[in-house]
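Each chain, letter by letter, is given below.
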Amino acid sequence: MLIRADSLAALSPRQICARVIRLGAIFACLLPFTAVAATMNITLAAPAASSTPTAFAMGTSRAPDGTTLALDSRSLLLDGRRWIPVMGEFHYARYPASEWPGELRKMRAGGVDVVATYAFWIHHEESEGQWDWAGDRDLRGFVSAAQAAGLKVIVRIGPWCHGEVRNGGLPDWVVDRGSVRTNDAVYLRAVDQWYRQVAAQVRGLLWKDGGPVIGVQLENEFPGQAAHLLELKRLARVAGLDVPLYTRTGWPALSSPMPSGEIVPLYGVYAEGFWDRELTAMPGTYWAGFHFSTLRMDANIANEALGRREVRDDPDVAGYPYLTCEIGGGMMSAYHRRIRLDPADVEATTLVKLGSGSNGPGYYMYHGGTNPEGRRTTLMESQDSPLTNWNDLPVKNYDFQAPLGQAGQVRPLYQRLRRLHQFLHAFGESLAAMDAHLPAARPAGKDDLTTLRWAVRADGRRAFVFVNNHERGRSLPSRPDVQFRLGFPTGQPVEFPTAPVAIPSDACFIWPVRLALGGTSELEWATAQPLGRATGTGRTTFYFAVTPGIAAEIAFRAGRVEAHRGQLARGPDGISRLIGIDPGPAPFVTLDGSVDCVLLSEADSLRLAFDPLTGAAAFDPEELAPATQPLKPELVQPAGPLRVIRRAATPHGVAAAPTDADFAAAARWRIPLPAQLPPRVMLRLHYVGDVARVYVNGQLVMDDFYNGDPLEIPLWRHAAALAHGELTVSILPLQRHAPIYFSARTAVPDFGDRPAVAELQHVELVLARE
């Protein structure tokens with residue numbers, strides 16, 4: 001099979017006709033409601049009450065200071081108030097302990113409330129009875145650092161975790177005994193010891209002790225009987241893991257029902273995965289992650305192990321809050337699937353989950369890392385390990401294209417997600433009480449690119465409108481002449497904006513309806529996204545962002561309106577409307593003398609940051625290009641004979657990654673470095689090839705499955721070795737007919753008449769951003 005890249009085939013005449021017919025049917029449905037065919041109608045019922053409240057069997061919910069953390073069918077409850085926490089995954093054993101405090105503060109500044117982390121058993125007891133909780137494996141130190149940064153913690157304790165780790169995190173000696181992931185007595189005795197070790201690490205740091213650990217996740221992606229998860233919960237509690245939340249992944253469906261309220265299911269979505277067997281773009285139903293839906297279960301995650309399947313939610317799903325733990329905050333590349341994500345993919349899937357009713361975004365990953373050294377084997381997932389998920393992953397690299405990279409790089413996705421998180425911090429308590437409502441006219445499936453994708457969260461009087469016109473790998477058309485009409489249970493419908501607007505391609509936004517601003521001031525509606533609020537002495541400032549491509553129009557109800565910019569029109573209905581507002585950091589309107597409203601440009605909205613402690617608003621400095629210094633690599637060895645790419649001999653085998661021995665035929669360069677390196681400097685490699693490896697004095701420190709992006713290596717972590725050592729780069733050629741899928745068309749080189757390519761195009765030093 002040839003190397004594949006994303007492409008969008010032209011529509012056939014039959015497909016075009018089908019779409020025209022479908023669009024006509026949608027318009028026909030709208031005509032009885034309104035004379036404007038493009039008005040998006042929805043009738044909003046009052047919030048539904050749970051008919052039978054779930055009796056949750058969780059641990060101690062009260063901290064020593066009296067603060068409580070509980071849950072009901074809608075959301076988590078922090079001190080009795082609805083709370084939408086933002087959770088981000090960061091693996092302590094994949095990052096230097098000396099750098100944890102600074103990275104955790106970055107996460108907090110990015111709007112993360114809870115750090116989730118896997119505790120991988122194989123990282124701590126690779127050989128039976130030989131425990132290692134020191135250095136970068138110091139779970140207790142990590143949890144303490146998270147608490148100091150103002151973060152709460154959920155520890156995902158397995159015993160089977162996956163996480164692209166060898167055997168899913170189970171030590172080889174456990175796997176060799178057999179009957180893993182069952183209630184086998186021998187297996188459970190080993191698990192009991194593992195849980196007791198974890199409990200000892202977090203003793204005194206649990207919520208009930210005044211610590212940050214609010215929950216543990218049991219197992220991961222478990223397809224078996226509920227009895228096994230219940231036994232794991234029992235063992236965890238006996239070991240001393242008494243926490244307010246016991247969770248599991250809500251996928252796949254268990255083979256027997258879970259008693260209601262015992263373990264809270266959390267859900268996920270990925271824009272595209274590395275694990276699929278296909279060498280094509282967006283296989284399966286990844287497209288569904290960009291459509292609003294009340295279905296919580298995702299059919300794409302781990303389908304190499306779980307298979308392609310139809311999914312449906314458990315019958316008692318409405319008794320649990322809709323929380324997530326694995327919104328794909330990025331994606332790794334497997335050897336056979338080289339994924340490169342667009343930040344808009346992650347922003348869109350997150351917004352779609354919120355609009356569909358989720359009350360807790362959780363990202364996997366939020367922070368990248370590097371696999372630790374194993375004492376007996378390498379520790380990454382591979383197709384030839386004893387308990388496999390049938391993918392070959394890099395030996396060291398676990399960057400994940402996350403908002404914060406494996407060297408702490410702050411990426412554009414960080415700001416995009418922070419913008420959403422700050423919205424949740426400001427308005428999450430109200431949003432959590434709102435039901436999700438979907439319009440009657442929704443996309444008819446994967447290939448319906450014309451029906452607008454939108455949803456409403458509403459509580460009977462107030463609402464937020466969610467719109468997503470982005471889908472990975474496809475260009476959704478601009479949708480012209482759109483107005484929204486929301487019919488509330490009482491009173492007149494709200495129809496806005498005043499005149500129809502066009503929803504641009506790739507637009508992804510939240511618009512408020514009847515947003516309380518304090519006192520008698522109320523925002524009736526706006527074609528601008530609320531970002532957050534800052535409160536000072538006697539004043540409150542609300543921040544909004546323009547929706548790119550749509551003029552901002554904002555309607556208020558207030559006793560006194562002082563417009564500083566734009567054109568103000570007062571209507572007979574008591575609503576004042578502002579149009580023609582130039583964005584800027586100064587207020588454009590003051591309401592009732594104490595409420596200021598600021599409208600920011602798209603760029604400034606991404607720079608806006610609220611202090612996690614004080615809530616004060618500030619702006620990130622203007623982004624400057626980092627200082628770089630080009631280097632001149634020296635070719636030491638040209639590439640030798642091409643290797644034979646074999647297919648792994650597993651039930652679902654795909655192309656196998658190269659072995660250590662294969663690198664004897666790799667092209668190799670020596671990288672001369674300056675005598676004095678700056679204290680925080682990265683090496684950036686622009687290259688084309690199959691697999692790159694970076695060595696310091698012959699020791700592998702980083703590797704990469706080429707996907708078109710440059711590879712960055714934090715040299716400060718190797719400063720001592722580099723002081724009197726050598727830095728080399730080896731690149732295996734990318735073969736023209738390699739059975740590899742590239743999601744980015746631009747990553748596939750022009751082979752010309754060459755059978756393979758291995759090029760180190762440009763090497764530079766980059767001063768890392770703190």
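Everything that follows concerns the structure shown earlier in this document.
Within each chain, residues carry numbers counting from 1 in the order of the written sequence. For a predicted model such as this one, the threshold for reporting local features is a pLDDT of at least 70, and the threshold for listing and counting side-chain atom pairs is 80 or more; totals across whole chains, interfaces and linings nevertheless cover every residue. Heavy atoms from the whole structure form the basis of all side-chain values; hydrogens and water molecules are not counted.

Another aspect to go through is the overall build of the chain. Of regular secondary structure, the chain possesses 12 helices and 45 strands. As defined in this context, the radius of gyration uses C-alpha atoms, and a globule is described by 2.2 Å times the residue total to the power 0.38. At 27 Å, the chain has a C-alpha radius of gyration in line with the 27 Å of a compact globule built from 770 residues. Taken over the C-alpha atoms alone, the chain extends approximately 80 × 65 × 55 Å along its principal axes. Looking at the 770 residues of the chain, the share that counts as buried comes to 60%. Only heavy atoms enter the contact rule, under which two residues are in contact if any of them lie within 4.5 Å. For the chain, the share of sequence-separated contacts (at least 6 apart) that also reach a separation of at least 24 residues comes to 74%. Note on areas: Shrake-Rupley with a 1.4 Å probe; residue coverage comes only from the protein chains shown. Put simply, the chain shows about 28900 Å² of open surface, and 54% of that area lies on carbon and sulfur atoms. Measuring between centres, the 76 positive side-chain charges of the chain sit 2 Å from its 80 negative side-chain charges. Labels follow the DSSP assignment, with helices taken as runs of H or I lasting at least four residues and strands as runs of E lasting at least two, numbered in each case from the N terminus. Exposed residues in this analysis have more than 50% of their type's maximum accessible area, buried residues have under 20%, and partly exposed residues fall in between, with area computed by a 1.4 Å probe over protein chains only. Here the positive residues are Lys and Arg and the negative ones are Asp and Glu; neither His nor the chain ends is included. Where a charge lies is defined by one atom per residue type: Lys uses NZ, Arg uses CZ, Asp uses CG and Glu uses CD.

Turning next to the nonpolar core. Only buried residues count toward a nonpolar core. Its members are Ala, Val, Leu, Ile, Met, Phe, Trp, Tyr and Cys residues joined through side-chain atoms within 4.5 Å. Core analysis: the biggest nonpolar cluster contains 153 residues, and Leu 104, Tyr 195 and Phe 556 have the highest contact counts within it. Examining the composition of this core, we find that 10 residues originate from one element, helix α10 (residues 412–432), more than from any other. Those residues in contact with Leu 104 that lie beyond four places of it in its chain are Phe 90, Val 115, Phe 142, Ala 145, Ala 146, Ala 149 and Leu 151.

Here a Phe, Tyr or Trp ring, Trp counted by its six-membered ring, pairs with any other such ring whose centre lies within 6.5 Å, and the pair is stacked when the planes are under 30 degrees apart, edge-to-face when over 60, and tilted otherwise. Scanning the model with the defined rule gives 34 aromatic pairs in all. When the centroid spacing of 5.5 Å and the interplanar angle of 25° are considered together, the rings of Phe 496 and Trp 525 count as stacked. Of this pair, Phe 496 sits in strand β21 (residues 494–503) while Trp 525 sits in strand β23 (residues 521–526), and the two are 29 residues apart along the sequence. With respect to burial, Phe 496 and Trp 525 carry one shared label: buried. Through pairs of rings, three or more aromatic residues link up here, namely Trp 454, Phe 484, Phe 496, Phe 509, Trp 511 and Trp 525. Lying over the aromatic face of Tyr 398, Arg 94 brings its terminal NZ or CZ to 3.6 Å of the ring centre. Criterion for a charge above a ring: Lys NZ or Arg CZ within 6 Å of the ring centre, and within 35 degrees of the ring normal. Between the NZ or CZ atom of Arg 181 and the centre of the ring of Trp 160, over which it lies, the distance is 3.9 Å.

Moving on, we get to the sheet that holds strand β34 (residues 628–631). Strand order in the open sheet formed by 4 strands is β34-β45-β37-β40, with antiparallel pairing between adjacent strands. On the outer flanks of this sheet lie β34 and β40 (711–714), each paired with one strand and no other. Neighbour-to-neighbour, the strand axes of this sheet turn through a mean angle of 25°, independent of strand direction. When DSSP finds at least two bridges between two strands, those strands are taken to pair. Here strand β37 (residues 681–688) pairs with strand β45 (residues 759–767) via 8 bridges, running antiparallel. By the bridge assignment for β45, Val 681 is matched with Leu 767. To get an axis, fit a line to the C-alpha atoms, keeping to the stretch in contact for a helix; angles then go from 0 to 180 degrees between the N-to-C directions.

Our focus in this paragraph is the sheet that holds strand β36 (residues 667–670). Strand order across the open sheet formed by 5 strands is β35-β36-β41-β38-β39, with antiparallel pairing between neighbours. Each edge of the sheet is formed by a strand with only one pairing partner; in this case those strands are β35 (634–637) and β39 (699–705). Looking at each pair of strands side by side, their axes are set apart by 25° on average, direction ignored. The pairing of strand β38 (residues 691–696) with strand β41 (residues 727–732) spans 6 bridges and is classified as antiparallel. Looking at the pairing, Val 696 lines up with Leu 727 of β41.

On to the pattern of salt bridges. Salt bridges, as used here, are contacts in which a Lys or Arg side-chain nitrogen is within 4 Å of a carboxyl oxygen on Asp or Glu. Enumeration over the complete set of coordinates arrives at 51 salt bridges. Two residues, Arg 156 and Glu 326, come together in a salt bridge whose shortest N-O distance is 3.0 Å. Residue Arg 156 is located in strand β8 (residues 152–156), and its partner Glu 326 is located in strand β12 (residues 323–328); the two are separated by 170 residues in the primary sequence. For the pair Arg 156 and Glu 326, a shared accessibility class is recorded, and that class is buried. The partner of Asp 276 in a salt bridge is Arg 308, and the shortest N-O contact between them spans 2.8 Å. In this pair, Asp 276 is assigned in the loop between β11 (264–269) and α8 (303–306) and Arg 308 in the loop between α8 and β12, connecting sequence segments 32 residues apart.

Now for the state of the cysteines. Cysteine sulfurs are considered disulfide-paired once they come within 2.5 Å of each other. Going through the model one piece at a time under the given rule, you end up with 0 disulfides. Take Cys 161: it sits in no disulfide, and the sulfur closest to it among the cysteines is that of Cys 325, at 12 Å. Judged by relative accessible area, which is 0%, Cys 161 ranks as buried.

On a regular strand, one side chain projects to one face of the sheet and the next to the other, so that they alternate. With 5 of 5 residues buried, strand β18 (residues 454–458) lies mostly within the body of the structure. Where strand β17 (residues 435–437) meets β18, 3 bridges bridge the pair, whose relative direction is antiparallel. Across the sheet, the residue bridging to Ala 436 is Arg 457, located in β18. Across 5 bridges, the pairing between β18 and strand β19 (residues 463–468) is antiparallel. By the bridge assignment for β19, Val 456 is matched with Val 465. Counting the residues in the hairpin turn of β18 and β19 gives 4 residues, including Gly 460, whose phi is positive at 110°.

Its place among the elements puts Asn 707 in the loop between β39 and β40. Given a relative accessible area of 7%, Asn 707 falls into the buried group. Definition of a polar contact: a pair of N or O atoms within 3.5 Å, with one able to donate and the other able to accept a hydrogen when the atoms are protein atoms, and with sequence-neighbouring residues admitted only if both atoms are side-chain atoms. There is a polar contact of 2.9 Å between the side chain of Asn 707 and the backbone oxygen of Ile 339. From its side chain, Asn 707 meets the backbone nitrogen of Asp 709 in a polar contact 2.9 Å long. Setting aside residues no more than four positions away along its own chain, Asn 707 makes contact with Ser 333, Arg 338, Ile 339, Arg 340, Gln 401, Phe 742, Ala 744 and Ala 747.

As for its placement among the helices and strands, Gly 574 is situated in the loop between β28 (567–570) and β29 (576–579). For the pair Gly 574 and Ala 426, spaced 148 residues apart in the sequence, the C-alpha separation amounts to 27 Å.

It is worth spelling out α10 at this point. In α10, a bend of some 65° at Ala 426 exceeds every other bend along the element. Of all 21 residues that make up α10, 16 are buried, and the element is covered over most of its length. Two axes are fitted around each residue, one to the seven residues ending there and one to the seven starting there, and the angle between them is reported as the bend at that residue.

To continue, consider the pairing of strand β31 (residues 595–600). Among the 6 residues of β31, 6 are classified as buried, and the element is accordingly described as predominantly covered. The alternating pattern of β31 places Val 595, Cys 597 and Leu 599 and Asp 596, Val 598 and Leu 600 on opposite faces, both of which are buried. In the sheet, strand β25 (residues 539–546) pairs with β31 via 6 bridges, with the strands oriented parallel. Within β31, the position partnered with Phe 544 by the bridge is Leu 599. Pairing analysis gives 3 bridges linking strand β30 (residues 589–591) to β31, with the strands arranged antiparallel.

What follows is about helix α6 (residues 185–201). The span one expects for a helix is its residue count, reduced by one, times 1.5 Å. In a regular helix each residue adds 1.5 Å, so 17 residues correspond to 24 Å; α6 covers 25 Å between its end C-alpha atoms and thus fits that length. Restricting attention to buried positions, one finds in α6 the residues Tyr 187, Leu 188, Ala 190, Val 191, Asp 192, Trp 194, Tyr 195, Val 198, Ala 199 and Gln 201.

Structurally, the position occupied by Leu 673 is in the loop between β36 and β37. C-alpha separation for the pair Leu 673 and Glu 231, spaced 442 residues apart in sequence, amounts to 55 Å. Apart from the residues lying within four places of it in its own chain, the contact partners of Leu 673 are Leu 631, Leu 715, Leu 722, Leu 727 and Leu 765.

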